[in-house]
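Descriptive structure summary
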Amino acid sequence: MNITILGPGAVGSLWACYLQKAGHNVSLWTRRTTPSELSLTLNTQENSSYSFSCDNKESLIHCDLLFITVKAWQVESALLPILPLLSQETILLFMHNGMGAIDAIENQISHHPILQATTTHGALKENAHTVKHTGFGHTVVGPFNSLGNQCQFIQDVLQHSLPSTEWNSDIQTALWKKLAINCAINPLTAIYQCQNGELSQPSRHQDVNRICHEVHQVLQQEQIQWTEAELLSTVYQVISATSANYSSMNRDCFYQRKTEIDFITGYLLQKAKQHAISTPINETLYNQIKQLEENLL
Ligand SMILES: NC(=O)c1ccc[n+]([C@@H]2O[C@H](COP(=O)([O-])OP(=O)(O)OC[C@H]3O[C@@H](n4cnc5c(N)ncnc54)[C@H](OP(=O)(O)O)[C@@H]3O)[C@@H](O)[C@H]2O)c1
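A quick note: this is a predicted structure, and the numbers were derived from the prediction, not measured.

Here we take up the sheet that holds strand β10 (residues 139-143). Backbone-to-backbone hydrogen bonds pair the strands of a sheet. The strands run either parallel or antiparallel. Pairing is mixed across the open sheet formed by 11 strands, whose spatial order is β8-β9-β3-β4-β2-β1-β5-β6-β7-β10-β11. In this open sheet, the two strands that pair with only one neighbour each are β8 (122-127) and β11 (165-167). Strand after strand, the sheet turns through a mean of 30° between neighbouring axes, direction not considered. Here 3 bridges tie β10 to β11, and the two strands are oriented parallel to one another. Pairing of valine 141 across the sheet is with tryptophan 167, part of β11. Strands β5 (65-68), β6 (91-95), β7 (114-119), β10 and β11 of the sheet are contacted by helix α5 (residues 153-161), whose axis makes an angle of about 175° with β11. Contacts between helix α6 (residues 171-191) and the sheet are confined to β7 and β10, with β7 contributing the most and set at about 35° to the helix.

Listed below in structure tokens is the structure:
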């Protein structure tokens, strides 16, 4: 396939290398939009290098799949300027944390097949030319619209390039579950500037449990089939499995970058308001992160 990666940061560079390795014709689209070549080294045991054309309009015009790996808050500003260049058959595949970024531009992109994906692979861009695969994980992909529903073959493309991948026709439920876990872990680890494992300490249980209680009320109204006990046990499993990790929001605050809070806790609050559910602890955490962002940026 002809594939363009929009936003070759950590995740985008990782997939660019694996997709090219699997034999696809991959190009990159960055902010620079000046045609060039870029070589990327995939820092694994093999340490292989791959060469890509960058910011090449012809590649964008002819791409079968646009793989959008910018952060949630960058989706609109990255995608809308290049939309007129795309063929209407181009499949749009979004991979970012949080929810709501696609809804905001849905009317402008609904003529494309749209897919959403979530991944637990870990990636780190060590420098402009090196991406490190920091942890093997699992990817779930599914349709955002009915045209996307006809693109199940993309699961094979991803699976063949970077396993493991599954197709989930109810991707919204998968994304809600991921969002629920992120609501419990990300803001607390960013505010306390701690590793995920610290949330397993008894002194943090009350916060985690209260967050999950509010999140669960919203999940119920969104018809997500997950008991509060299942949510809590999954959250504590993730905390334990990733105890030495720093969450992405923790890292964003640490490096004084804008966070994805508006698309994680912010999205939850928006839905809670629509359902008239009171969510005081999540509101407090949201405001604390926004305050941190204001002070840091
Ligand atoms: N890293 C991980 O291990 C991981 C794992 C799972 C999920 N995620 C999620 O995946 C998403 C991407 O994360 P990431 O770590 O890859 O972030 P990242 O390294 O910051 O990558 C985002 C890339 O998008 C580029 N970009 C921003 N605006 C653009 C525009 N207008 N046009 C073209 N490119 C643009 C950025 O360019 P600049 O460098 O110029 O800003 C950057 O290269 C996030 O939602 C994250 O939460 C990450």
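This part is about the domain arrangement of the protein. A common way to state how big an interface is: give the accessible area lost once the parts meet. What the domain assignment reports for the protein is domain 1 (2-169) and domain 2 (173-296). Each partner contributes to the interface: domain 1 provides 14 residues, whereas domain 2 provides 15 residues. Among the residues of domain 1 in contact with domain 2, Trp73, Asn97 and Met99 are the three that bury the most area, contributing 52% of the side total. Our count for the domain 1 to domain 2 interface comes out at 1 salt bridge. Among the ionic pairs, aspartate 252 bridges to lysine 71, the shortest N-O distance being 3.1 Å.

This brings us to the packing of aromatic side chains. As enumerated under the stated definition, the model contains 3 aromatic pairs in all. Here the aromatic rings of tryptophan 15 and phenylalanine 67 are separated by 5.6 Å at their centres, their planes lie at 45°, and the arrangement is tilted. Residue tryptophan 15 is found in helix α1 (residues 10-21), and its partner phenylalanine 67 is found in strand β5; the two are separated by 52 residues along the sequence. By the burial criterion, tryptophan 15 is buried, and phenylalanine 67 matches it. With 5.5 Å between their ring centres and 50° between their planes, tryptophan 176 and tyrosine 267 make a pair best called tilted.

What follows deals with the environment of tyrosine 286. As for its placement among the helices and strands, tyrosine 286 is situated in helix α11 (residues 280-296). Judged by relative accessible area, which is 19%, tyrosine 286 ranks as buried. Between the C-alpha atoms of tyrosine 286 and isoleucine 154, which are 132 residues apart in sequence, the distance is 35 Å. Apart from residues lying up to four places away in sequence, tyrosine 286 is in contact with Ile261, Asp262, Thr265, Gly266 and Leu269. At a separation of 2.5 Å, a polar atom in the side chain of tyrosine 286 contacts the side chain of aspartate 262.

Looking now at the site of the ligand. Around the ligand sit 21 residues in total, of which Val11, Arg31, Asn97, Ala123 and Glu260 are the nearest. One of the backbone N or O atoms of valine 11 is found 2.8 Å from an oxygen atom in the ligand. Here an oxygen atom of the ligand and a backbone polar atom of asparagine 97 are 2.9 Å apart. Considering the ligand on its own, with 890 Å² of exposed area, one finds that the protein chains cover 75% of that surface. Elements supplying a minimum of two residues to the shell around the ligand: α1 and β8. The class makeup of the residues in the shell around the ligand is 8 nonpolar, 10 polar and 3 charged.

The rules behind these values
Throughout this document, residue positions are counted from 1 along each chain, in the order its sequence is written. Where totals are concerned, whole chains, interfaces and linings use all residues; where local detail is concerned, this predicted model gives features only for residues with pLDDT of at least 70, and gives and counts side-chain atom pairs only at 80 or more. Only hydrogens and water are set aside; all other atoms, that is, all heavy atoms of the structure, feed into the side-chain values. Only strands joined by at least two bridges in the DSSP assignment are considered to pair. The secondary structure listing takes helices from DSSP runs of H or I that are at least 4 residues long and strands from runs of E that are at least 2 residues long, numbered from the N terminus. Helix axes use the C-alpha atoms of the stretch in contact, all axes being lines fitted to C-alpha atoms, and the angles between their N-to-C directions lie in the range 0 to 180 degrees. Should any heavy atoms of two residues lie within 4.5 Å, those residues are considered in contact. Boundaries of every domain are those given by an automatic assignment or by a domain database. Two parts lose some accessible area (1.4 Å probe) when they are put together, and adding that loss for both gives the buried area. Salt bridge, as used here: a side-chain nitrogen of Lys or Arg that lies within 4 Å of a carboxyl oxygen of Asp or Glu. When two rings of Phe, Tyr or Trp (its six-membered ring) have centres within 6.5 Å they constitute a pair, described as stacked for plane angles under 30 degrees, edge-to-face for angles over 60, and tilted for the intermediate range. Summary of the burial criterion: residues with accessible area below 20% of their type's maximum are buried, those above 50% are exposed, and those between are partly exposed, where the area comes from a 1.4 Å probe applied to protein chains only. What qualifies as a polar contact is a pair of N or O atoms within 3.5 Å, subject to a donor-acceptor requirement within protein and to the restriction that residues adjacent in sequence count only when both atoms come from side chains. Nearness is defined per residue: one heavy atom within 4 Å of the molecule or strand is enough. Accessibility throughout is a Shrake-Rupley quantity obtained with a 1.4 Å probe, and a residue counts as covered only by protein chains that appear here. The nonpolar class holds Ala, Val, Leu, Ile, Met, Phe, Trp, Tyr, Cys and Pro. Asp, Glu, Lys and Arg form the charged class, and all remaining residues, Gly among them, are polar.

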